[in-house]
Amino acid sequence: MSAHACDAIVIGGGHNGLVTAAYLARAGKKVIVFEKRHVLGGAAVTEEIYPGFKYSVCSYVVSLLRPEIIRELDLPRHGLRILPLESTFTPLPNDDYLVRWADHDQTRRELYRHSPRDADAYDDFGRLMYQLAVAVKPILAMIPPDPTSMSPKDLLGFLKLGKHFRGLGHAQFHALHKLMTMSSADLLDEWFETEALKATMSASGIIGTLLGPRSPGTAYVLLHHYMGEIDGAMRAWGFAKGGTGAVSESIAAAAREHGAEIRTEAGVSEVIVRHGRAVGVALESGDEYRAPVVVSALDPKRTFLSLVAEQHLPGDFVRDIKRFRIRGSSGKVNLSLGELPDFTAKPGVGPLHQGAISISPSFDYLERAYDDAKYGEFSTRPFMDVIIPSMIDPEMAPPGKHVMSIFVQYAPSDLRGGWDEAKREAFGDAVVDTLAQYAPNLPGAILHRQVLSPWDIERSMGLTAGNIFHGELSLQQLFCMRPAVGWADYTTPLDGYFQAGSGTHPGGGVTGASGRLAAMKILGGKL
Amino acid sequence: MSPRVFGRPGVRPEGPELLPVFPPEYTAAAVLRTTPFHRRTEALCEAGNWRRWSGFLAASSYELHHDREYWAIRNSAGLIDVSPLHKYRIQGVDAERLLDRLVTRNVAKCAIHQVLYTPWCDEAGKVMDDGTLCRLADDVFRLTSALPNLRWLLDNARGLNVQIEDVSDALAALALQGPNARAILTEAAGGVADDLGYFRLTEGAIGGAPVQITRTGYTGDLGYEIWTEPQHALTLWDALMAAGRAHRVVPAGLLALDVARVEAGLILIEVDYVPSHQAVIEARKSSPYEIGMGWTVKLDKPGFVGRDALMAERARGPEWEFKGLEVSWDAMESLYGAVGLPPQLPSEGWRTSVPVYAGNRQVGYATSGCWSPLLKKYIALAHLQTPHSATGTHLSMEITVEHHRKKAAARVVEPQFFNPDRKRSNPGRADRS
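Everything numeric in this text was worked out from a predicted model, so none of it was measured.

Cut-off values and rules
Residues numbered from 1 in each chain as written. Chains lettered and ligands numbered in written order. Predicted model: local features only at pLDDT ≥ 70, side-chain atom pairs only at ≥ 80, totals over all residues. Heavy atoms only, no water. Helix = DSSP H or I, 4+ residues; strand = E, 2+ residues; numbered from the N terminus. Contact = heavy atoms within 4.5 Å. Areas by Shrake-Rupley, 256 points an atom, 1.4 Å probe, with all protein chains shown as cover. Lys, Arg positive; Asp, Glu negative; His and termini not counted. Charge placed at Lys NZ, Arg CZ, Asp CG, Glu CD. Pairing = 2+ DSSP bridges. Axes fitted to C-alpha atoms, helices over the stretch in contact; angles between N-to-C directions. Buried < 20%, exposed > 50% of the residue type's maximum accessible area, 1.4 Å probe, protein only. Parallel < 35°, antiparallel > 145°, perpendicular 65-115°, else oblique. Left-handed = near helix turned anticlockwise from the far one by under 90°. Nonpolar A, V, L, I, M, F, W, Y, C, P; charged D, E, K, R; others polar. Domains from an automatic or database assignment. Buried area = accessible area lost by both parts, 1.4 Å probe. Salt bridge = Lys/Arg side-chain N within 4 Å of Asp/Glu carboxyl O. Polar contact = N/O pair within 3.5 Å; in protein donor to acceptor, adjacent residues only side chain to side chain.

1. Topic: the overall build of chain B
If you tally the helices and strands in chain B, you get 10 helices and 19 strands. Oriented by its inertia axes, the alpha-carbon framework of chain B measures out at about 60 × 60 × 55 Å. Taking the contacts inside chain B whose residues are at least 6 apart along the sequence as the reference set, 66% of them involve residues at least 24 apart. Summing over all exposed atoms, chain B offers an accessible surface of approximately 18800 Å²; the carbon and sulfur share of this is 51%. In chain B, which carries 48 positive and 50 negative side-chain charges, the distance between the mean positions of the two groups comes to 3 Å.

2. A few points about the sheet that holds strand E21 (residues 497–499) of chain A
Residues and elements named next belong to chain A. Taken in spatial order, the 5 strands line up as E11-E2-E1-E15-E21 in an open sheet, and their pairing is parallel. Looking at which strands have only one partner, the edges of the open sheet turn out to be strand E11 (261–263) and E21. Pairs of neighbouring strands in the sheet enclose a mean axial angle of 20°, with direction left out of account.

3. Considerations on the pairing of strand E9 (residues 172–177) of chain B
Within a regular beta strand, the side chains point alternately toward one face of the sheet and then the other, so they alternate between its two faces. Residues and elements named next belong to chain B. Most of E9 sits inside the fold, with 6 of its 6 residues counted as buried. Inspection of the sheet shows strand E3 (residues 77–81) paired to E9 by 4 bridges, in the antiparallel sense. Among the inter-strand pairings, Asp 81 is bridged to a residue of E9, identified as Leu 174. Across 6 bridges, the pairing between E9 and strand E12 (residues 223–228) is antiparallel. Counted as the bridge partner of Leu 176 is Tyr 224 from E12.

4. Focus: the packing of helix H1 (residues 15–26) of chain A against helix H10 (residues 245–257) of chain A
Residue and element names in this part refer to chain A. For the pair H1 and H10, the least separation of the axes is 8 Å and the interaxial angle reads 20°. What the angle tells us is that H1 and H10 run roughly parallel. At the point where H1 passes H10, the crossing takes the left-handed sense. Within the contact between the two elements, H1 uses His 15, Leu 18, Val 19, Ala 21, Ala 22 and Ala 25 and H10 uses Ser 248, Ile 251, Ala 252 and Ala 255. Looking at the contact of H1 with H10, its residues break down into 8 nonpolar, 2 polar and no charged.

5. Thoughts on the domain arrangement of chain B
All names here are of chain B. Domain annotation for chain B reports domain 1 (24–83 + 171–252), domain 2 (86–169) and domain 3 (276–286 + 319–413). The C-alpha centroid of domain 3 is placed 35 Å from the C-alpha centroid of domain 2. Contact with domain 2, which involves 6 residues of that partner, is made by 5 residues of domain 3. For the pairing of domain 2 and domain 3, the buried interface totals around 510 Å² over both sides, and the portion due to carbon and sulfur atoms is 50%. At the surface where domain 2 touches domain 3, the tally comes to 0 salt bridges. Here domain 2 and domain 3 share 3 residue pairs in polar contact (both at pLDDT 80 or more) between them. Among the residues making up the side of domain 2 that touches domain 3, the classes are represented as 3 nonpolar, 1 polar and 2 charged.

Right under this line is the structure:
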């Protein structure tokens, strides 16, 4: 062994890599994390790109972060503060609007204004989704069993799963069946009649997915987003004080306290394989590190196709990983603003500026946006999920000034003719131009603009195709098939090599669940 | 719109106007609605003690303690703003058919200007809500409910010739409750309600405001509910307060009402039972038989929602009953005496779940309770497993005595702790049906 020896090496200092490192270190392992960039967090970062203005560069809200991770790693003690995100405001082209507030009665009144029937249905729908999220939640905290295996452990896993689903009531079971098979548009059409409500709700079903609201399978993504939980309340979204990077920083602080070493600007070029076993990594700098456990928190393409030479892996496995769908669908625009947007639909400054602003007036609007992407263009009138972090955490911008985070879809990774700087800026122009239709003062208020296309997200964050989930949350890529059948339990065909990124069960979002389950697997089932 | 200030009428703090955090359309009054009587109730609510009721701001008590308001309900008259109730107008040739399909009581037998109290159930026979149903004309009904029911009504009305209208905002309502209620109405409405029978409706005018008067209420006392269009609300309030002055009418809040309704053994949704469509687990749902509404279930009428399940349940007998508990004064005295204290009494109604035991085994739970100032008894409403629910059964209820959990002896009684003759009687009429 060389001088550079430890118990485990984690490749990638994104939130999942940091979670794995923290749990391994907590269990007494000597762990070292290598992060290519100068900042930790991967896609969960806060950066001050324009002086005084802090951007949650990619991921921008918190909800899916598993409560057990917050508890077990004691993240609040390490600085994590989750502030409430209060409402969702959907301005409409006819200068009307729809708001869903934090307050139940206030939301009911607002929905009632659009459709008295929907006001009743909204509560019933919320309850059903709550029940389903509760039903599905245990699966999130479970290492997927292998359907091809006859081992008692895997069989027991499926037995437990079967028993769990038998425990569901008829109504819930049928609803779950629908969720697993329907499009979010069809599902929501069964419940509601207000177009803006349906479209805004369906947005959760398309985020991070190169599908439109009318594509089957999107209903599940909707449920995936319902599984967020804050303080025991399901479907609660929040904003991390200091931006999403603060989530990563708090996990890193917990890992360091347990003795993990974390290196930035230390990109891994290769996993070193000896006699069919991963034994360490080589850095871009040429340094080599050895450890009996090597964990990749990168996406499956990078984990298996970039870091490991193909001859070390079984051919059918390589084929499965090559087939793994990881198309980028979204971009991100971050703005520094001299003043708040003034919406013609609801002029002035109000609490709605403290919540999400959704550009999702109708299914047709969203589906047209998807049509652009289907044929290789970015949406000229895109879906947008906007928040103004400085209205939630004043430290995100200088007093009186603001930052705006705009999640934009669709921006396909395989843009016709490929992405370049001009196309990226044209995409940014389309975003600002679309928002200006609802808030005409916006273009004049912009002090600085950062536009990220999938191409930029891949280049700077290292997410293949800029896919925010490390692989689409389509049904054929979930649970025991994520990322490939037989290799959903965080192990890989290469002994000593493990995977911990969002490309494993239970998938995307800043959940940390993959990182935690990977650590559990590495530690023999116990944390 | 200037910032709203709670306080004694006419008393405003000195100094410059408050700088609002957000524009006026975002104040509390915009988050929670105010009823058509708000200009009067706000001025009178010296305690600034408000709570949420169906998305409206409702006075908990007008004074810092609700005592005077409670005693008005039992000794003179209390005036309670009940506008936040949900109200639906159901009209059409199939209106009776629709309602008979939905509710457990027999709507076909409901006379014009009669009011029925009734629950309605889901297919499994579990109670979704309860309210009053009034036949305004042959094919016109008004349903009141605690929760929104528009979608349920519309879904069940498919294929029927019926119009359903949410008239919640089109009707303001006041409850005038207490032994002097009739005398006040005689003065205010010119005697139209003098002979009004229990659970009947009449029409008239009060202070020039056209009103409907029903002999209904939530206090178990002599009382009326008066319905008018919102533009007449303040006129109605002022006229009733003026007519009531000599009869000692007192505006009463929900704290006083809560004690009165526990004394009357009247069940409260979301407190004493969970509406079936809101229950996230099966165990939280209740059938009418389990919550003291068995008398409303008319199994002899043809198909209504939940009938099959309710037939089966009646055949096997319900597992739970909703009964009254009288907590033994002697037990309270000895438990508190052991720590050197006199019994500590809950002067406000409580609404938490409290375990009820037979020996050491938990056989139920109480969901509402209070000290009854009138009966001088500690009373509670409880869900009891049927083997332990017979009137007269000796059980015990958990009480916390100086930070320690104890069991106080309690006796099972019928839930109508207080049920005066005046509630139903009609001195002006020989016929007291």
